[in-house]
Amino acid sequence: MSPDPGRAFTVEPWVVREPHLDLALLGQVESVFALSNGHIGLRGNLDEGEPHATPGTYLNSFYERRPLPYAEGGYGYPESGQTIINVTNGKLIRLLVEDEPFDLRYGSVHRHERVLDLAAGTLTREVEWESPAGRVVRLRTERLVSLTQRAVAAIRYEVEVLTGTHDTEPALLVVQSELVANEQQPARDDDDPRVEAAMTDPLVAEQCRADATGATLVHRTRASGLRVAAAMDHEVTGPAGLQISSEATEDIGRTTVISRLQSGQKLTVVKYLSYGWSSRRSLSAVHDQVRAALAAARYTGWAGLVEEQRAYLDDFWVTADIEIDGDAELQQAVRVAIFHVLQAGARAERRAIGAKGLTGPGYDGHTFWDTETFCLQLLSHVAPYAAADALRWRQSILPQAKERAAQLGLEGAAFPWRTIRGHECSGYWPAGTAAFHINADIADAVRRHVAATGDVEFEREVGLELLVETARLWRSLGHHDHAGQFRIDGVTGPDEYTAIVDNNVYTNLMAQLNLRVAADTAARHSRAAGRLGVDAEEMASWRDAASSMRIPYDEGLGVHPQSEGFTDHEVWDFAGTKPDMYPLLLHVPYFDLYRKQVSKQADLVLAMQLRPDAFTEEQMARNFAYYEAITVRDSSLSASTQAVMAARTGHLDLAFDYLAESAFVDLDDLAGNSEHGVHIASMAGTWIAVVCGFGGMRCDSGGLRFAPRLPPALSRISFGLAWQGRRLRVEIRPDEVEYRLVSGLPMRLAHHGEPTALAGDPVVAPIPEVGRADAVEQPFGRAPKARHPGA
């Protein structure tokens, strides 16, 4: 089985298979094959550690501080940044065959295959290798990061001696299983702002110890003062006479297994790993924590961990799975996307979900606004516990956000544009601090989550405080002008090629919703709101600001300008822009981008997706056509939003093409930077494009609504949702849709605006015919790759 030309992986519905090793694609494959549970992340490095693109073992929110240098300083500039670091590597298992190290760059590789199993949650590998001396071995490994035991990972490592030129004598094998801290990291491209900072030897040893079958290492970071412990233990089976010993130094723990194997004999090592870190707990407490987790893993055993993993994912996929008939590649890609978003948040447990999850060091491991706007749309409907914990993390960093707001002379909370632990880490304020829309994005995630779950306790104990403090920010950031309109000036919207503008439509519409929902929620929970100092006068001021919010409109063009005066700017010279100049941020000064009509990503179009109530159908069509012509998609976040709005405005083939672009961004490395980690928000956007685009799903306090439309390229789409304690499945066919209540109480939903009752029996409803939409065009050379039939 071979992948299509130019692809690293074969096309199969439930697995991602790399049929042979291609060193040129090593970085991309390491990211796609990364395993995580939201707390621990293991990049898909080879067991023996080399060759590699980027060795990576990460713990959520474990970081080191670094200075943020400025050519010219200024008041309110963040003084230090936070960078996720590669912690102690427990994946390493080295093999010596006779006196030859097992290294794929030497000898002969007869077979090499790795498989990421999306249903089992494991990464398996099978290799047949002949040493330079002629010894042939078969290596089988299986790796998992437990979704049920948060601190645990495990590896099953099996080596078998095969018939070779020296098969008459037993082979002497040495297996070295290691914990290694302060691994050397590859040099990085300092000219690309999306690339992480390099950190050299960030860990200082505090304790090392070995026992008969394992070791424990404890380190702390030099500047941030965080403490991390890693522990390993082993179960070994093989021929009689094998020897096991362990040792530990400051940065290395090692367990060595020595055995002689005849042809056909096997040596099996099961390696249990546990990780823990803390900014507060003592050395002995963190040490004992990982030893206890390790004991629990050994008690469960390898077979038990595999069984638990499968059971967890079986339950998850019942709701989360999306079935696509008519495109096998897309079917695989959609499942990969859902799997990686789950991995990013499943056991994060009140810590951030980073832009790369825990699959690589890109963006320094920071979280941005796209967690709430993209990832939580998916998680609230398929893993609501994970979405709730992500928002509880936001609540936990409110003290830093309120301090930042005060520093900026504002009320309420100003959440950081990019961060790990709650402090602003963006050194470029026009695209960082000025992007205040992140506060409304967090509030909107609260609104959606409460609508999806019906969790009143969460709304009162977590959501209310987030809504109140963000509403206070908007009330102090904006002002009423002489005409009585409420303006928000000098801010940056989602489009990072336009900055420091007045009345960005996306920002104003999302702030408007934030203010309304805050007032309504405070009224519902008046006692809890009173404890936050909210009174009737303050709620009235929020409603007043929302009702008088300025939303610019260009009467001459009949479209909404992205921000005040945007449509008066000169249009970017797309025809004169060579293909190798994209992304523009690496080849053009921001000064030039800021004064032209060119959008890095969907901005006004995203406003239409999230606030469709603020636009007429005609306005949506005209706006979509206008912004299609100037949006270059230099951000992986854009394609899914354009897919949703293309579907809503009747451009089903174009929506399908954008869905594919979002889905394949990492499997095909479309952005050329997957080696730094997968694009978690784009993967979440894949789900959004299917469910909110072709499914037409919207949820709010008014209930659950669908307006399904099937693209001609597909014969069927089926997706599941969790909704207020129920499980639903929606199946879209060319001319009809079926709604099925899988579990839970009877409910009502809307189908293309028509109320529909859903109880025991599935409901089948016709899909209205989609009218012919006027053609739209993209900037020269920036149309998505045509995937639809007849393209």
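In what follows, the accompanying structure is described. Computed from a predicted model, the values in this text were never measured in an experiment. (Residues numbered from 1 in each chain as written. Predicted model: local features only at pLDDT ≥ 70, side-chain atom pairs only at ≥ 80, totals over all residues. Heavy atoms only, no water.)

### What about the overall build of the protein chain?
Within the protein chain one finds 17 helices and 32 strands. In terms of C-alpha radius of gyration, the protein chain reaches 27 Å, essentially the compact-globule figure of 28 Å for 791 residues. Counting only C-alpha atoms, the protein chain reaches 90 × 60 × 55 Å along its principal axes. Of all 791 residues assigned to the protein chain, the portion counted as buried reaches 64%. Taking as baseline every contact in the protein chain between residues at least 6 positions apart, the subset at least 24 positions apart corresponds to 68%. For the protein chain, the exposed surface amounts to about 28,500 Å²; the carbon and sulfur share of it is 48%. Here the protein chain carries 77 positive and 107 negative side-chain charges, and the mean point of each set is 4 Å from the other. (Helix = DSSP H or I, 4+ residues; strand = E, 2+ residues; numbered from the N terminus. Rg over C-alpha atoms; globule rule 2.2 N^0.38 Å. Buried < 20%, exposed > 50% of the residue type's maximum accessible area, 1.4 Å probe, protein only. Contact = heavy atoms within 4.5 Å. Areas by Shrake-Rupley, 256 points an atom, 1.4 Å probe, with all protein chains shown as cover. Lys, Arg positive; Asp, Glu negative; His and termini not counted. Charge placed at Lys NZ, Arg CZ, Asp CG, Glu CD.)

### A closer look at the packing of helix H5 (residues 384-396) against helix H7 (residues 437-453)
Between H5 and H7, the least distance of the axes is 11 Å, while the angle of their chain directions is 145 degrees. Relative to H7, H5 is oriented so that their crossing is left-handed. Of the residues in H7, those in contact with Pro384, Ala387, Ala388, Leu391 and Arg394 of H5 are Ile438, Ile442, Ala445, Val446, His449 and Thr453. (Axes fitted to C-alpha atoms, helices over the stretch in contact; angles between N-to-C directions. Left-handed = near helix turned anticlockwise from the far one by under 90°.)

### Observations concerning the packing of aromatic side chains
Scanning the model with the defined rule gives 16 aromatic pairs in all. A ring pair is formed by tyrosine 363 and phenylalanine 368, whose centres lie 5.5 Å apart and whose planes are at 75 degrees; its orientation type is edge-to-face. When its relative accessible area of 9% is taken as the criterion, phenylalanine 368 is described as buried. Between phenylalanine 706 and tyrosine 739, the ring centres sit 5.4 Å apart and the planes meet at 40 degrees, which makes this aromatic pair tilted. Residue phenylalanine 706 is located in strand E26 (residues 703-706), and its partner tyrosine 739 is located in strand E29 (residues 736-743); the two are separated by 33 residues in the primary sequence. We note that phenylalanine 706, like tyrosine 739, is buried. An aromatic cluster of at least three residues, connected via ring pairs, comprises Trp14, Phe316 and Trp317. The side chain of arginine 782 reaches across the aromatic face of tyrosine 582, ending 4.1 Å from its centre. (Phe/Tyr/Trp six-rings, centres within 6.5 Å; stacked < 30°, edge-to-face > 60°. Lys NZ or Arg CZ within 6 Å of the ring centre and 35° of its normal.)

### Quick notes on the sheet that holds strand E13 (residues 171-180)
Taking strand neighbours across the sheet as the criterion, the 5 strands line up as E8-E7-E13-E18-E17 in an open arrangement whose pairing is antiparallel. Each having just a single partner strand, strand E8 (100-101) and strand E17 (243-248) make up the two edges of the open sheet. Relative to strand E18 (residues 252-261), E17 runs antiparallel, the two sharing 6 bridges. Looking at E18, one finds that glutamate 247 is bridged to arginine 254. (Pairing = 2+ DSSP bridges.)

### Here's the deal with the pattern of salt bridges
If you walk through the whole model with that rule in mind, you get 64 salt bridges. Here lysine 596 ties to aspartate 592 by a salt bridge, and the two come within 3.1 Å at their closest N and O atoms. The burial state of lysine 596 is the same as that of aspartate 592; both residues are buried. Residues participating in the shared-partner salt-bridge network are Glu12, Arg17, Arg111, Glu113, Glu126, Glu128, Arg138, Arg140, Arg156, Glu158 and Glu160. (Salt bridge = Lys/Arg side-chain N within 4 Å of Asp/Glu carboxyl O.)

### Quick notes on helix H6 (residues 398-407)
Those residues of H6 that sit buried are Leu398, Gln400, Ala401, Arg404 and Ala405. The arc that holds every buried residue of H6, seen down its axis, measures 160 degrees, which confines them to one face. Facing away from the buried side of H6 by more than 90 degrees, the exposed set consists of Pro399, Glu403 and Ala406. Summarising the contacts, the buried residues of H6 are in contact with H5 and helix H8 (456-477). A positive phi of about 75 degrees marks glycine 409, the residue just after H6. (Arc of directions from axis to C-beta.)

### With respect to empty space enclosed by the protein
Applying the stated criterion across every chain, the model contains 9 cavities of 30 Å³ or more. By volume, the second largest cavity amounts to about 90 Å³. Lining of the second largest cavity is provided by 14 residues; of these, Asn60, Ser61, Ala352, Gly354 and Gly365 occupy positions nearest its centre. Tallied by class, the residues present in the lining of the second largest cavity amount to 6 nonpolar, 8 polar and no charged. (1 Å grid on protein atoms, 1.4 Å probe; cavity = no way out; pocket = protein on both sides within 12 Å on 5 of 7 lines; lining within 4 Å. Points joined across faces, edges and corners; volume = space filled by probe spheres on them. Nonpolar A, V, L, I, M, F, W, Y, C, P; charged D, E, K, R; others polar.)

### Let's talk about the pairing of E13
Most of E13 is tucked away, with 8 of its 10 residues classed as buried. The pairing of strand E7 (residues 93-97) with E13 spans 5 bridges and is classified as antiparallel. Paired with arginine 94 across the strands is glutamine 176, a residue of E13. In this structure, E13 lies alongside E18, joined through 10 bridges in antiparallel fashion. The residue of E18 that forms the bridge with glutamate 178 is arginine 254.

### A word on the pairing of strand E20 (residues 322-325)
Along E20, the buried face is formed by Ile322 and Ile324; none of Glu323 and Asp325, which line the opposite face, is buried. Bridge count for E20 against strand E27 (residues 716-723) is 4 bridges, and the pairing is antiparallel. Pairing of glutamate 323 across the sheet is with serine 718, part of E27.

### As for the side chain of threonine 419
Relative to the assigned elements, threonine 419 resides in the loop between H6 and H7. With relative accessibility at 0%, the residue threonine 419 sits in the buried group. A polar atom in the side chain of threonine 419 sits 2.7 Å from the backbone oxygen of histidine 423. Discounting chain neighbours no more than four positions away, the residues touching threonine 419 are Gln82, His366, Thr367, Trp393 and Cys425. (Polar contact = N/O pair within 3.5 Å; in protein donor to acceptor, adjacent residues only side chain to side chain.)

### Regarding the side chain of threonine 216
Looking at the element boundaries, threonine 216 is found in strand E15 (residues 214-221). A polar atom in the side chain of threonine 216 sits 2.9 Å from the side chain of arginine 291.

### A few points about the sheet that holds strand E2 (residues 35-36)
Pairing within the open sheet is antiparallel, and its 3 strands lie in the order E2-E3-E4. The sheet terminates laterally at E2 and strand E4 (57-59), the two strands that pair on one side only. Taken together, the 2 bridges between E2 and strand E3 (residues 40-42) define a ladder with antiparallel strand orientation. Residue leucine 35 lies in a different strand from E3, and its bridge partner there is leucine 42.

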